Structure formats: C-alpha cells, structure tokens
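# Architecture at a glance
Now for the letters of each chain:
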Amino acid sequence: SRGLGDVYKRQVYFSTFITLVFGFILTKIGYANIWPLFGSANQLLSALVLATLCVFLKVTGRSNKMLFPPLIIMLCVTFTALVQRVIALVKAIAAGTDIFGSALQLVVAVLLITLGLIIVVNSFKSYVKSKKGSELAENEESENAKSVEA
C-alpha cells in the first residue's frame, strides 16, 4: 500500500515534468512569438484579480466602484488582444508557416480566452448573488450566537 506522501510526490514530479516540457517547447517556438501570449496571460490575470476584488469588497461591505473602470478596460483590451492573436495564428496556420508553433500557441490562446470567460462569468454571478456586507452580517450573527451561549 502506498501512502499519501508517495502519491503527492508522484503528482509533484509529474506536474514539474509537464511544466518543463511545455516550457521547453515554447522556448523552441521563439521568444518573440511567445511574448504576446505571455503578456495577454499576465493582463488577464490582473483583470481576474480585479473581478475577484470587486466581489470581495461587496461581500465585506466596502466600496468597490473604483475597480469597475480598470476592470472593464483590462478585460476589453486583453480579450481584444487574444482574439487578434487567434486570428493571426489561424492565418499563419492556413498559410502553412510554422504550423506546429502556431497550433500550440493557438491552443494556449483559446484556453486563455475560454478560462478567462468562465472566471469572469462566475465572478459576475457571484457579484450579483452576494449581498452587500453579507460577511459582516454573518460575523455579527455568529458573535451574537456565541454571546447567547455564554
């Protein structure tokens, strides 16, 4: 029988191996070709952090209105750049230039768009469902319950 530690070690080694293989393949494509996707992934991450902060600030009863303009701008710019990159990659594949590199980048770009949209939609749903200050109300209720018990 294998312990949980053995399973964890295998998962760590496997995930490290996969990361290194993809990193190696991406370096063979060329730095200039990878940079637009790296930049898009980085900007998408910052937009998703802003979306998460909007939900968090609403739930904790704080003002979050100052985050909406940069959030909307970041999402629009990032998704526009990703869509333009997808179009350029499809054209490159259709022209028959660097098919492997373009196809790999196309997969990454489509994944970024898909995962980004999923997170944005779920964040929006959470934002709409959450009540302003709901975390504060829960904390007050639990404190009241504790004081009643004592």
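Below: a short report on this structure. (Residues numbered from 1 in each chain as written. Predicted model: local features only at pLDDT ≥ 70, side-chain atom pairs only at ≥ 80, totals over all residues. Heavy atoms only, no water.)

## Points about the nonpolar core
In summary, soluble globular proteins display a tendency toward joint burial of nonpolar side chains. By size, the foremost hydrophobic cluster in this structure holds 20 residues, and its most contacted members are Leu71 and Leu82. Broken down by element, the residue count for this core peaks at eight residues, all from helix H2 (residues 31-59). Beyond its immediate stretch of four places on either side in the chain, Leu82 contacts Leu37, Ser40, Ala109, Leu112 and Ile113. (Core = buried A, V, L, I, M, F, W, Y, C linked by side-chain atoms within 4.5 Å. Buried < 20%, exposed > 50% of the residue type's maximum accessible area, 1.4 Å probe, protein only. Helix = DSSP H or I, 4+ residues; strand = E, 2+ residues; numbered from the N terminus. Contact = heavy atoms within 4.5 Å.)

## Concerning the environment of Leu89
Along the chain, the position of Leu89 falls in helix H3 (residues 68-95). When sequence neighbours within four positions are dropped, the list of residues in contact with Leu89 reads Ser102, Gln105 and Leu106.

## Quick notes on a nonpolar patch on the surface
A cluster of nonpolar side chains, Phe14, Phe17, Ile18, Val21 and Phe22, forms an exposed patch at the surface whose accessible area comes to about 480 Å². With respect to the helices and strands, the residue Phe14 is situated in helix H1 (residues 4-29). Overall, Phe14 belongs to the exposed group, its relative accessible area being 57%. (Patch = residues over 30% accessible without salt bridge, like charges linked within 9 Å, V, L, I, M, F, W, Y side chains within 5 Å. Areas by Shrake-Rupley, 256 points an atom, 1.4 Å probe, with all protein chains shown as cover. Salt bridge = Lys/Arg side-chain N within 4 Å of Asp/Glu carboxyl O.)

## Describing the environment of Thr80
When you line up the elements, Thr80 lands in helix H3. Since its relative accessible area comes to 42%, Thr80 is described here as partly exposed. In this structure the C-alpha to C-alpha distance between Thr80 and Ser40, which are 40 residues apart in sequence, comes to 9.6 Å.

## Description of H2
Taking 1.5 Å as the rise per residue, H2 with 29 residues should run 42 Å; its terminal C-alpha atoms sit 42 Å apart, in good agreement. For H2, every residue scored as buried is listed here: Leu37, Ser40, Leu44, Ala47, Leu48, Leu50, Ala51, Cys54, Val55, Leu57, Lys58 and Val59. Backbone geometry just downstream of H2 places Gly61 in the positive-phi region, at approximately 80 degrees. (Expected span 1.5 Å × (residues − 1).)

## Digging into the packing of aromatic side chains
Enumeration according to the criterion identifies two aromatic pairs in this entry. With a centroid separation of 5.3 Å and an interplanar angle of 35 degrees, the aromatic rings of Trp35 and Phe38 are classed as tilted. Linking Trp35 with Phe38, this pair stays in helix H2, spanning three residues, or about one helical turn. Residue Trp35 is classed as partly exposed on the basis of its relative accessible area, which comes to 46%. (Phe/Tyr/Trp six-rings, centres within 6.5 Å; stacked < 30°, edge-to-face > 60°.)

Bear in mind that shape data such as this cannot, by itself, settle questions of function.
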